[in-house]
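For reference, the chains in residue letters:
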Amino acid sequence: MNKSLNEADPQMVEAMLQDLDRLQNSLTLIPSENYTSKAVMQAQASILANKYAEGYPAARYYNGCQFVDRAESLAIERAKRLFGAEHVNVQPHAGNLANMAVYYALLEPGDTILSMKLDHGGHLSHGLPQNFSGRYYNIVPYGVDAETERVNMNTIAELAKEHRPKLIVVGASAYPRWFDFAQWREIADAVGAYLLADIAHIAGLIAADVHPDPVPYCDVITTTTHKTLRGPRGAIIMCRKQFAEAIDRAVFPGIQGGPFMHTIAAKGVAFKEAMEPAFKKYQNQIVKNAKALAEGLSENGFHLVTGGTDNHLMLIDLTATYEQLSGRQAADHLEEAGIIVNKNTIPFDKRSATTTSGIRLGTPMVSARGMKEEEMKLVADFISETLQKRKSSKAKQRVREKVRELCQQFPIYEDLNLWS
Ligand code: DSN
């Protein structure tokens, strides 16, 4: 009962230390991942993991909840302050579930949702046929313009007029440009639709005012907490007061049981960190780094979807440079060189979602470890060299060494003594 993890389960600790070593010595460019602070990890590994607390602060179905009530209230108040939201539910275990709760609260099965196609940048929970959202709702998908590769607001307005959706979803997991939420509001109002912004990818940028704010324009906003926001794995739902009761009931008892109180505490820690000046600086650097990486890649001859980025991520369209190379192959070659990206479909992709013609890159993690624009130019060159010389294992190993050297100059956690 009182053994440390190291004593109790050295095999498990070994896997953790191996992953720490992998992270330390490789460049992770997956835009949806991040390194949480040590404080966030400590909260997740805390005593609060033991408590059942179905319900909400001061209205639980279990006794002994006075201190978890305190933790949850702190998390709620901080999220409200951070985003300026009227109401926040901090219990969703994941982004998919947060969106499920919103649909459950606002819609009936068969209702129409206007949302972005997955292969144009959307998300599974925005209506993929294999996801609950595609099965239970009538999805009208929108995509990007073939020429500009951007969302065309006239097309969205026309689709809304034609299909009269009950809900419009604005948000994406692979779209490198800003969303102008005021325009989306106008379209929703014109057809009497609810407006949901899924800001999972850009929540940190929004909290730091480096992306337009959805709060004044949207009825409901969902976000995960572990991407640019840099908190624990999980999600929250923000909404206008009038939807508060429906949203809370949809989360519990609608689609979830006991909340993860340790994760809620960790969300609270992350929100506190996000209100510090260092967080704003960090989010600014994410955007500056993304622009520098995008420029470096373009200088190396890559075509980026939409030609660049306004946020933390970018998509390389490989068909323009290496027609025969799929996203999956490119990601595997890059991993051999110590660069971790993920394969991703590009708009109008001719390949499947498991093969893809693109790779998606982002700068939250390299920025979290202190890298700046200068390093992004090097990273762009490493990516280019690896893909150009992909048939040579020796060449990839040479890049691997350069990646390791760069990573050594930017340690992730200087003192991570959680597991001994
Ligand atoms: N799977 C996430 C991403 O990588 O973007 C979205 O939930």
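Provided above is the structure to which this section pertains.
(A) A look at the sheet that holds strand β11 (residues 303–304). Strand order in the open sheet made by the 4 strands is β11-β12-β15-β14, with antiparallel pairing throughout. Only two strands of the sheet have a single neighbouring strand rather than two, namely β11 and β14 (342–344). Where strand β12 (residues 313–317) lies against strand β15 (residues 358–362), 5 bridges are found, and the strand directions are antiparallel. If you follow D317 over to β15, its bridge partner there is G358.

(B) Molecular detail of the packing of helix α13 (residues 327–336) against helix α15 (residues 373–388). At a minimum axis separation of 9 Å, α13 and α15 run at an interaxial angle of 110 degrees. When the axis of α13 is compared with that of α15, the two are roughly perpendicular. Read as a crossing pair, α13 and α15 show a hand that is right-handed. Contacts between α13 and α15 involve A330, H333 and L334 on the former and, on the latter, I383, T386 and L387.

(C) Quick look at the packing of aromatic side chains. Per the stated rule, a full pass over the model turns up 12 aromatic pairs. Both rings, one in Y103 and one in F132, keep their centres 5.9 Å apart while their planes meet at 40 degrees; by these two values the pair is tilted. In this pair, Y103 sits in helix α5 (residues 95–106) while F132 sits in helix α6 (residues 132–136), placing the two residues 29 residues apart along the sequence. Neither Y103 nor F132 differs from the other in exposure class; each is buried. Following the ring pairs from residue to residue traces out a cluster consisting of Y142, Y175, F179, F181 and W184. Its guanidinium or amino end placed over the ring of Y282, R230 lies 5.0 Å from that ring's centre, counting from NZ or CZ.

(D) Representation of empty space enclosed by the protein. Throughout the structure, instances matching the rule amount to 1 cavity of 30 Å³ or more. By volume, the largest cavity is sized at about 70 Å³. Taken together, 14 residues form the lining of the largest cavity, with A172, Y175, F179, I202 and N311 sitting closest to its centre. A breakdown of the residues in the lining of the largest cavity according to their chemical character gives 7 nonpolar, 5 polar and 2 charged.

(E) Focus on the pattern of salt bridges. The final tally for this structure, using the stated rule, is 17 salt bridges. The partner of D189 in a salt bridge is R185, and the shortest N-O contact between them spans 3.1 Å. Note that D189 and R185 are positioned in helix α8 (residues 181–191) at a spacing of 4 residues, about one turn of the helix. Between K396 and E336 there is a salt bridge, with its nearest N and O atoms 3.3 Å apart.

Reading guide: rules and limits
Residues numbered from 1 in each chain as written. Predicted model: local features only at pLDDT ≥ 70, side-chain atom pairs only at ≥ 80, totals over all residues. Heavy atoms only, no water. Pairing = 2+ DSSP bridges. Helix = DSSP H or I, 4+ residues; strand = E, 2+ residues; numbered from the N terminus. Axes fitted to C-alpha atoms, helices over the stretch in contact; angles between N-to-C directions. Parallel < 35°, antiparallel > 145°, perpendicular 65-115°, else oblique. Left-handed = near helix turned anticlockwise from the far one by under 90°. Contact = heavy atoms within 4.5 Å. Phe/Tyr/Trp six-rings, centres within 6.5 Å; stacked < 30°, edge-to-face > 60°. Buried < 20%, exposed > 50% of the residue type's maximum accessible area, 1.4 Å probe, protein only. Lys NZ or Arg CZ within 6 Å of the ring centre and 35° of its normal. 1 Å grid on protein atoms, 1.4 Å probe; cavity = no way out; pocket = protein on both sides within 12 Å on 5 of 7 lines; lining within 4 Å. Points joined across faces, edges and corners; volume = space filled by probe spheres on them. Nonpolar A, V, L, I, M, F, W, Y, C, P; charged D, E, K, R; others polar. Salt bridge = Lys/Arg side-chain N within 4 Å of Asp/Glu carboxyl O.

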